[in-house]
2 protein chains.
Amino acid sequence: MRLRELSERSGVSTATIKYYLREGLLAPGRQINTTTAEYDEEHLRRLRLVRAMIQVGGVPVAKVREVLGHVDDDSLGRTIRMGAALWALPQVPEPDTEDEYVRAAGEEAERLLEALGWTNARSLITISPAYRRLVVSIAAFRRLGYDWETELLMSYARLMHEAAVLDLDFVETHGSEAEKVETAVLGVILAQPILQALHRLAQEEESARRYGFG
Amino acid sequence: MRLRELSERSGVSTATIKYYLREGLLAPGRQINTTTAEYDEEHLRRLRLVRAMIQVGGVPVAKVREVLGHVDDDSLGRTIRMGAALWALPQVPEPDTEDEYVRAAGEEAERLLEALGWTNARSLITISPAYRRLVVSIAAFRRLGYDWETELLMSYARLMHEAAVLDLDFVETHGSEAEKVETAVLGVILAQPILQALHRLAQEEESARRYGFG
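These numbers were taken from a predicted model, which means no experiment stands behind them.

### Looking at the overall build of chain A
Thinking step 1. Of regular secondary structure, chain A possesses 11 helices and two strands.
Thinking step 2. The order of α-helices and β-strands along chain A, N terminus first, is α-α-β-β-α-α-α-α-α-α-α-α-α.
Thinking step 3. Since a compact globule built from 214 residues should have a radius of gyration of about 17 Å, the 21 Å found for chain A marks it as more spread out than a globular shape.
Thinking step 4. On the principal axes, the C-alpha backbone points of chain A span a range of 70 × 45 × 30 Å.
Thinking step 5. Sorting the 214 residues of chain A into buried and exposed places 40% on the buried side.
Thinking step 6. By sequence separation, contacts in chain A at least 24 residues apart represent 63% of the contacts at least 6 residues apart.

This is the structure in structure tokens:
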């Protein structure tokens, strides 16, 4: 397809597409003559991914280029390629390991992974930004004087594992390896707000069931 | 307790506590003489809540005052008081209802609530910021050409309802009505990052189980 059709099918203006081409976020089309290039379905898919990261995810252009570099690197395993977007999203600052709450939270998180049997990706998990966020959040709760049984976190973790199984089952409905990886990257950016919204609505519904409202 | 002890037990500096007092985020202590006031456990609890909203949640001072106004308003039902923080968090812009994807997403969300039987809080749910986020996110996915069976969203929603049951069970372990409401408000701000982190870690673990990594 020509540039105009690519623009129509993606809903992205031709000026923006040209900008993405210049920035290397989109591979050049097949040059037919000096003024015309031909694009294919792969361009369209990639364009949607770039658009979603920038517009919905608010990911800066330089970061998008970095994520795509990982997505396209066949030498990396699928687990790492699929997680690429995760590492590119806003980072949590390194927790202060001198802080007693942070240290205790780190130990709690370790015990949690152990108890859950999440050992397959352990070396990946413990260096991931999500793990850092978990530790920082547990520490924040504890510092506020909140207490809970580890069993509660286990229950949440098991629910989230069920969600992860749904995520990956959905990813696997897509044909090619490239589509699988791209769907996983998109999922990180787009599925999260959906899950979060459903959680809030479920809280309101459950609360209304228990206490009524008004 | 005196100001100094309130500061030590909360980990908040006396200067910051004085600032919160001036801004009306914290009720004045019981004046013992012209220079000394006495604070109690309720002050400590409230101080922790304010601290969490500002430091962990990044909620602006004026918004904190607004949330506390709802938290303290006994004339509101518990469901609404508990949801107060939700409404104070960054708002999603009003979706463009002229947009065909937004319209279709709105219909899909309606059908979803119907199918789930989330009808108790319906009038509250459909005006809530979370509902707006749900519609906008579904529309973004659809616009990108992604398709899924409604059954998938139903499955996610059921998991999130299980999470909401855990949330409210935890809230109910707290004694007074005020503590229950405050715990719910804190949960909105602090529990979300924990759930999100667990979800990401579960994805990495499940992915490593299926595809290995490296």
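Having seen the model, we can carry on.
### A word on the interface of chain A and chain B
Thinking step 1. Residue-level contacts link 68 residues of chain A with 68 residues of chain B.
Thinking step 2. Of the residues forming the side of chain A that touches chain B, the biggest block, 21 residues, is contributed by helix H11 (residues 177–211) of chain A.
Thinking step 3. A per-class count over the side of chain A that touches chain B returns 39 nonpolar, 17 polar and 12 charged.

### A few points about helix H3 (residues 41–56) of chain A
Thinking step 1. Here H3 of chain A is 16 residues long and its end C-alpha atoms lie 22 Å apart, about the 22 Å a rise of 1.5 Å per residue gives.
Thinking step 2. Along H3 of chain A, the residues classified as buried are His-43, Arg-46, Leu-47, Arg-48, Leu-49, Val-50, Arg-51, Ala-52 and Met-53 of chain A.
Thinking step 3. Those residues of H3 of chain A that are buried lie in contact with helix H1 (3–10), helix H2 (14–22), helix H4 (61–71) and H11 of chain A together with helix H9 (129–143) of chain B.
Thinking step 4. Residue Gly-58 of chain A follows H3 of chain A closely and has a positive phi angle near 65 degrees.

### Some details on the relation of the copies chain A and chain B
Thinking step 1. Overlaying chain A with chain B gives an RMSD of 0.0 Å, the required rotation being 180 degrees about an axis along which the chain moves by 0.0 Å. Overall, the copies show the geometry of a two-fold rotation axis. In terms of C-alpha distance to the rotation axis, chain A has Leu-159 of chain A as its closest residue, with the C-alpha 3.1 Å off the axis.
Thinking step 2. Counting the interface residues of chain A, we find that 100% of their copies in chain B are interface residues as well, pointing to one common contact surface.

### Some words on the nonpolar core
Thinking step 1. Among the nonpolar cores identified, the biggest contains 112 residues, and Leu-134, Val-185 and Leu-198 of chain A together with Leu-134, Val-185 and Leu-198 of chain B are the most heavily contacted of them.
Thinking step 2. Inspection of this core shows a minimum of three residues originating in each of domain 1 (3–56) and domain 2 (91–147) of chain B.
Thinking step 3. Here Leu-198 of chain A is in contact with Leu-134, Tyr-156, Ala-157 and Met-160 of chain B, once residues within four sequence places are set aside.

Rules and cut-offs
Residue numbers here run from 1 along each chain, matching the order of that chain's written sequence. Throughout, the order in which chains and ligands are written sets their labels, letters from A for the former and numbers from 1 for the latter. Residues qualify for local features only when their pLDDT is at least 70, as the model is predicted, and side-chain atom pairs are given and counted only at 80 or more; totals for whole chains, interfaces and linings, by contrast, use all residues. Each helix is a run of H or I in the DSSP string that is no shorter than four residues. Each strand is a run of E no shorter than two, and both are numbered from the N terminus. When we talk radius of gyration, it's over C-alpha atoms, and the globule rule is simply 2.2 Å times the number of residues to the 0.38. Residue burial here comes from a neighbour count, namely the number of other C-beta atoms, placed from the backbone, that lie within 10 Å of the residue's own C-beta, with 20 or more meaning buried, 12 or fewer meaning exposed, and in between meaning partly exposed. We call two residues in contact whenever the C-beta atoms placed from their backbones are within 7 Å. Amino acid classes used here: Ala, Val, Leu, Ile, Met, Phe, Trp, Tyr, Cys and Pro are nonpolar; Asp, Glu, Lys and Arg are charged; the rest, including Gly, are polar. Expected span of a helix: the number of residues minus one, times 1.5 Å. Least-squares superposition of the copies uses the C-alpha atoms of those residues scoring a pLDDT of at least 70 in each of them. Any nonpolar core is a set of buried residues, restricted to Ala, Val, Leu, Ile, Met, Phe, Trp, Tyr and Cys, that join up through C-beta atoms within 7 Å. For each domain, the first and last residues come from an automatic or database assignment.

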